[in-house]
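# Notes for the structure review
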Amino acid sequence: MKIGINKIGFYTPHMYIDTEDLAIARGVEPGKFKIGIGQDKMAVVPKTQDAVTLAANAALSILDQEDIDAIDYVIFATESGIDHSKAAGVYVHQLLGLNEYCRSIEVKQACYSGTAAIQIAKGHIALNPDSKVLVLSSDISRYGLNTGGEITQGAGAVAMLITRDPKVMVIEDQSVYKTEDVMDFWRPLYSEEAFVHGKLSVIQYIKLFQDLFTAYKEKNQVTLAAFDGLLFHMPYTKMGLKALKSILENESEQEQERLIKQFNIGKYYNEIVGNIYTGSLYLNLISLLEQDTELKAGARLGLFSYGSGSVGEFFTGILQKNYRDHLFTEQHQQMLQAREKISVEQYEKVFMDTIPNGIGNIEFDISNDPAPICFAGIKDHMRQYINKEQ
Ligand code: COA
């Protein structure tokens, strides 16, 4: 049975800052952020959006009534969870009005868990061929003002509908994965911000990619030529480029050119949204599919998923006939164009405007947030969500 991505879309908040403005404010040469890190813009998230609403907004933009009635599994991948107990998927289930005979869970392993969710979905569909599974990867990347990681922040969610006979990309069964206990990035339960050993995270990421790519080629008896493109988990675009270059050293000039040219086309959405943790690899996939006009049906793409801590997986997908007709390219472009550029001062104000820990009752003004689904406050310790379209 062929199983894979039938629909794929993303959502990012309505505000961003230009990384040149951030560089100037931090006394850094703008070239470091624009070229050295490879980030052009960075999404800024208002307090009326959280992991639940980002994911619900992403899903809302791709699902039709037939999907809503048929989805029987919501798998929510995040490292920005809002509750130690209740799964974020349950909130999304209610906000989208999904069929009640549906499982809703949350999965976690840093930025890797979106891939775990897809693999769980594949297993479920293999047993229940008519099932449609909603996989959500949603996060807010937050390191803190004036920190080394500040430039690699962002916010957003990717929603994927996983089914049999998918219209966009079949996910092949051959896959290699690995776990290595490393403290490169983590967020203790008491902290709003992530802790990161930035340089170690880059070393571990490249190491796992090289290990898995070599293991995949050996296991499946293929060479680099078998891949029409490579996609990466991308906390910042330079990190993906470093991983790609690390396997190109002994390749011909033509192969290097082919893959680097394609990487530069595909990195676009990551470059202007920023780090969305679990969704980053899939944002790179959307970006390549929507930006690369030369990619053809039948192309085999290799995907490297990485979650600090660390778990990695390398797997492949095959683009389906007329896959372009099933993308949401125009919708994504409209969303990105409608975003508002804010100043560094405004970003700092939004960043500091957090909800006091343990507060039981609070109301937010959602009138300035154009998103259809918003986080409207807390009542008796219960988060209040509003779908303006319902
Ligand atoms: N023009 C162009 N490039 C410039 C430059 C300029 N004016 N100034 C510096 N650079 C380049 C550096 O040469 C370097 O390139 P290289 O990585 O190819 O060597 C790059 O910019 C970054 O400079 P560096 O001094 O290493 O930056 P840093 O000490 O601020 O650290 C990170 C950068 C990415 C490590 C830091 O932002 C971080 O910790 N981020 C979080 C890490 C992360 O997201 N991990 C994810 C877990 S998967």
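Everything below is about the structure shown above.
Residues numbered from 1 in each chain as written. Predicted model: local features only at pLDDT ≥ 70, side-chain atom pairs only at ≥ 80, totals over all residues. Heavy atoms only, no water.

## Focus on the overall build of the protein chain
Applicable threshold: In DSSP terms, a helix is any run of H or I states spanning at least four residues, a strand is any run of E spanning at least two, and both are numbered starting from the N terminus. Only C-alpha atoms enter the radius of gyration, while the globule expectation follows 2.2 Å times N to the 0.38, with N the number of residues. Partly exposed describes any residue whose relative accessible area lies between the buried limit of under 20% and the exposed limit of over 50%, with all areas from a 1.4 Å probe on protein chains only and scaled to the type maximum. Any pair of residues with heavy atoms lying within 4.5 Å of one another is described as a contacting pair.
Helix and strand content of the protein chain: 13 helices and 17 strands. Scaling as 2.2 N^0.38, a compact globule of 390 residues should have a C-alpha radius of gyration of about 21 Å, and the protein chain matches this with 20 Å. Each principal axis of the C-alpha atoms in the protein chain carries an extent, and together these give about 60 × 55 × 40 Å. Out of the 390 residues in the protein chain, the part that is buried amounts to 57%. Within the protein chain, contacts between residues at least 6 apart in sequence are counted, and of these 75% link residues at least 24 apart.

## A few points about the sheet that holds strand E17 (residues 382-387)
So the rule is basically this: Two strands are counted as paired when DSSP detects at least two bridges linking them.
Reading across the sheet, the three strands line up as E15-E16-E17 and stay open at both edges, with antiparallel pairing between neighbours. Of all the strands in the sheet, the pair left with one neighbour each is strand E15 (362-363) and E17. The pairing of E15 with strand E16 (residues 373-379) spans two bridges and is antiparallel. Paired with Glu 363 across the strands is Gly 377, a residue of E16.

## Overview of the packing of aromatic side chains
As a reminder, the rule being used: Only rings of Phe, Tyr and Trp enter the pairing, Trp through its six-membered ring, and a pair is recorded when the two centres are within 6.5 Å. The plane angle decides the type: under 30 degrees is stacked, over 60 is edge-to-face, the rest tilted. Look at NZ for Lys and CZ for Arg. If either is within 6 Å of the ring centre and within 35 degrees of the ring normal, a charge sits over the ring.
Scanning the entire structure with this criterion turns up 22 aromatic pairs. With 5.5 Å between their ring centres and 90 degrees between their planes, Tyr 205 and Tyr 306 make a pair best called edge-to-face. Of this pair, Tyr 205 sits in helix H7 (residues 198-220) while Tyr 306 sits in strand E12 (residues 300-307); the two residues are 101 residues apart in sequence, bridging distant segments of the chain. Between Phe 227 and Phe 314 the ring centres are 5.7 Å apart and the planes differ by 80 degrees, which places this aromatic pair in the edge-to-face class. With a gap of 87 residues between them, Phe 227 in the loop between H7 and strand E11 (229-232) and Phe 314 in strand E13 (residues 311-319) connect regions that are remote in the sequence. Note on Phe 314: relative accessible area 0%, which makes it buried. Feature note: the residues Tyr 205, Phe 209, Phe 213, Tyr 216, Phe 227, Phe 232, Phe 263, Phe 304, Tyr 306 and Phe 314 constitute an aromatic cluster, connected by ring pairs. Across from the ring centre of Tyr 73, 5.2 Å away, lies the NZ or CZ of Arg 103, which sits over that ring.

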